[in-house]
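So you can see what is in the structure, the chains are spelled out below.
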Amino acid sequence: MSTPRRPERRGSGQGQPGARGRASPARSRRAVRRLAVLPRLPAPRSLDPVPRVDEPSARLQQLLVALGASLVGSGLPVSDVVRTLTRVAVSLGAPSAELLVFPNALIVAVPGQDETRIALGSSVAGEARFDRTAALLGLVDRASRAEIGVEDALAELERLERRPPRFPWWVRMTGHGLSAAAIAVLLHTSLGELAVALLLGTAVGGLKLLTRAGTISAVLLPVTSAFAVSVVVFFAAAHGWGQNPLVMLVPALISLLPGSTLAVAIIELAAGDMIAGASRMMSGLLQFALLAFGIVAGYAAVGLDSLQALIVAQSPIGAWSPWVAVLLFAVGNYFYFCGPPRCLPYLIAVLYVGYAGQVLGNEALGALFGGFLGAMLLTTTSSVVQVLPGAPPATVTFLPAFWVLAPGAAGLIGLTQSAGADLSPNVGLAAFAGTVLAIGLGVLAGTGVYRSLYRWAPARWRLRVP
């Protein structure tokens, strides 16, 4: 009797056509096709400029010098100025142009030209109007894409230099007073001291508008302003009115503090621009010394004791007041620096991002990390939002944030107290120096984040070249 054969199971044996241990050719091809339709990461975009014109214009060198002088006068780091001018030169047909940029001067040499041109920055760093800066950077973007000719660019740049401010003088003075009042709120002031800071800030704003850049009066403006304001405040304190003279004094002088200058100097030193960074650092320290001298001379002239003059007692309006102060500061800067149309919402948003980062950093790891995190977030945010409709260039929303970060992160009251010989000046100076360093490093980190984002982001995001 024969033994019945056991039925074979398809795909159960090894080496058989239907075995599970070996994929069939058809199944392998289907798997390859599935992998082929998976989304692929885009190739990173290059940061190198692209030539768009074959032969440079005879006046290209003149355009580079004029653009460079305006950019230098706007207070931008020299590395940014060199990178911007290089993009314009390459796009307009001069990839071999040689550039040497300093904080207040630049040298431009274009192959084929008979001479090397030298120009000086004409504006006081940090006092460039926002409307003019936005128009200047818009012109630079068009020139870097060869959307405007050299002759037309020169004519437009000349019109920009003659453009009057968007707002009248009294509006700008009021804007400066609003900014001073906002800083007073951030320093935990009372309502009465807030009113005094508003009036003094308005007066200092008018004094700044009356001072012409490049004159002896502009050099002496920090010390004269600090002396005049401190005499008024300390005289009132000597007669029993005002228990916190520094809280009324410091906000009026906030726009004269060289916080942005020192932070840019840190950026330049970290980027390897030793000459530019060191010279800008010395300029900022000199302006700080002039302010400190004016404050000390003020309470010495009144005859007030240093302990009484520099004492601080916080009396905050409420826990919500700093967030309202950021809004007030944005509005004040918009009017004083003549912000371009439709830029106010973006300025408010960037300031809130920077301040929120500072608050979170302060709560997590202290004031130094707060300055670093706030600077990094505001740098990245200001670079990203500039592609939105009506948004200004990143510089316009970036520079005002230094005055919001510096008082909270560095302890501006402690810095001013360092002017008094009896109040351990090394503590205030060390805190200020550490915070300026943290903010500068935060700006570098934010710039690196945005560059990485630009290289990997889709082209439809229309991010601007960093």
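Since the model is a prediction, treat every value here as computed from it, not as a measurement.

Some points on the overall build of the protein chain
At step 1: Across its full length, the protein chain carries 19 helices and 3 strands.
At step 2: Counting every position in the protein chain, which comprises 466 residues, the buried fraction comes to 48%.
At step 3: By sequence separation, contacts in the protein chain at least 24 residues apart represent 74% of the contacts at least 6 residues apart.
At step 4: Approximately 22900 Å² of the protein chain is accessible, and the part contributed by carbon and sulfur atoms is 62%.

A word on the nonpolar core
At step 1: Val 229, Leu 249, Leu 253, Phe 329, Leu 351 and Phe 402 are the most contacted members of the largest nonpolar core, which has 66 residues in total.
At step 2: Here the element with the most residues in this core is helix α6 (residues 169-186); it accounts for 7 residues.
At step 3: In this structure, Leu 60, Val 110, Ala 153 and Leu 160 belong to the second largest nonpolar core, which totals 34 residues.

So, the confidence of the model for the protein chain
At step 1: Per-residue pLDDT for the protein chain averages 77, and the proportion of residues at 70 or more is 75%.
At step 2: Segment residues 408-412: pLDDT under 50, and 14 contacts once partners within four positions in sequence are set aside and those in other chains are kept.
At step 3: Long-range and interchain partners of residues 421-425, a stretch whose pLDDT sits below 50, account for 7 contacts in this model, where long-range means more than four residues apart.

Regarding the side chain of Ser 255
At step 1: You can see Ser 255 is positioned in the loop between α9 (245-249) and α10 (259-270).
At step 2: Its relative accessible area of 12% is what places Ser 255 among the buried residues.
At step 3: Within the structure, the side chain of Ser 255 is placed 2.8 Å from the side chain of His 176, a separation counted as a polar contact.
At step 4: The contacts of Ser 255, once residues within four sequence positions are left out, are His 176, Lys 208 and Trp 403.

Looking at the side chain of Thr 211
At step 1: Mapped onto the fold, Thr 211 is located in the loop between α7 (191-210) and α8 (216-238).
At step 2: Among the polar contacts made by the side chain of Thr 211, one reaches the main-chain carbonyl oxygen of Leu 207 at a distance of 2.8 Å.
At step 3: Not counting residues within four places of it along the chain, the set of residues in contact with Thr 211 comprises Ser 217, Ala 218 and Leu 221.

Quick notes on helix α4 (residues 130-144)
At step 1: In a regular helix each residue adds 1.5 Å, so 15 residues correspond to 21 Å; α4 covers 21 Å between its end C-alpha atoms and thus fits that length.
At step 2: Counting buried positions along α4 gives 12 out of 15 residues, so the element sits mostly inside the fold.
At step 3: Here α4 has its buried residues at Phe 130, Asp 131, Thr 133, Ala 134, Ala 135, Leu 136, Leu 137, Leu 139, Val 140, Asp 141, Ala 143 and Ser 144.
At step 4: Of the surrounding elements, those touching the buried residues of α4 are α2 (60-73), α3 (78-91), α5 (150-162), α13 (321-336) and α16 (394-398).

Cut-offs applied
Residues numbered from 1 in each chain as written. Predicted model: local features only at pLDDT ≥ 70, side-chain atom pairs only at ≥ 80, totals over all residues. Heavy atoms only, no water. Helix = DSSP H or I, 4+ residues; strand = E, 2+ residues; numbered from the N terminus. Buried < 20%, exposed > 50% of the residue type's maximum accessible area, 1.4 Å probe, protein only. Contact = heavy atoms within 4.5 Å. Areas by Shrake-Rupley, 256 points an atom, 1.4 Å probe, with all protein chains shown as cover. Core = buried A, V, L, I, M, F, W, Y, C linked by side-chain atoms within 4.5 Å. pLDDT = per-residue confidence, 0-100. Polar contact = N/O pair within 3.5 Å; in protein donor to acceptor, adjacent residues only side chain to side chain. Expected span 1.5 Å × (residues − 1).

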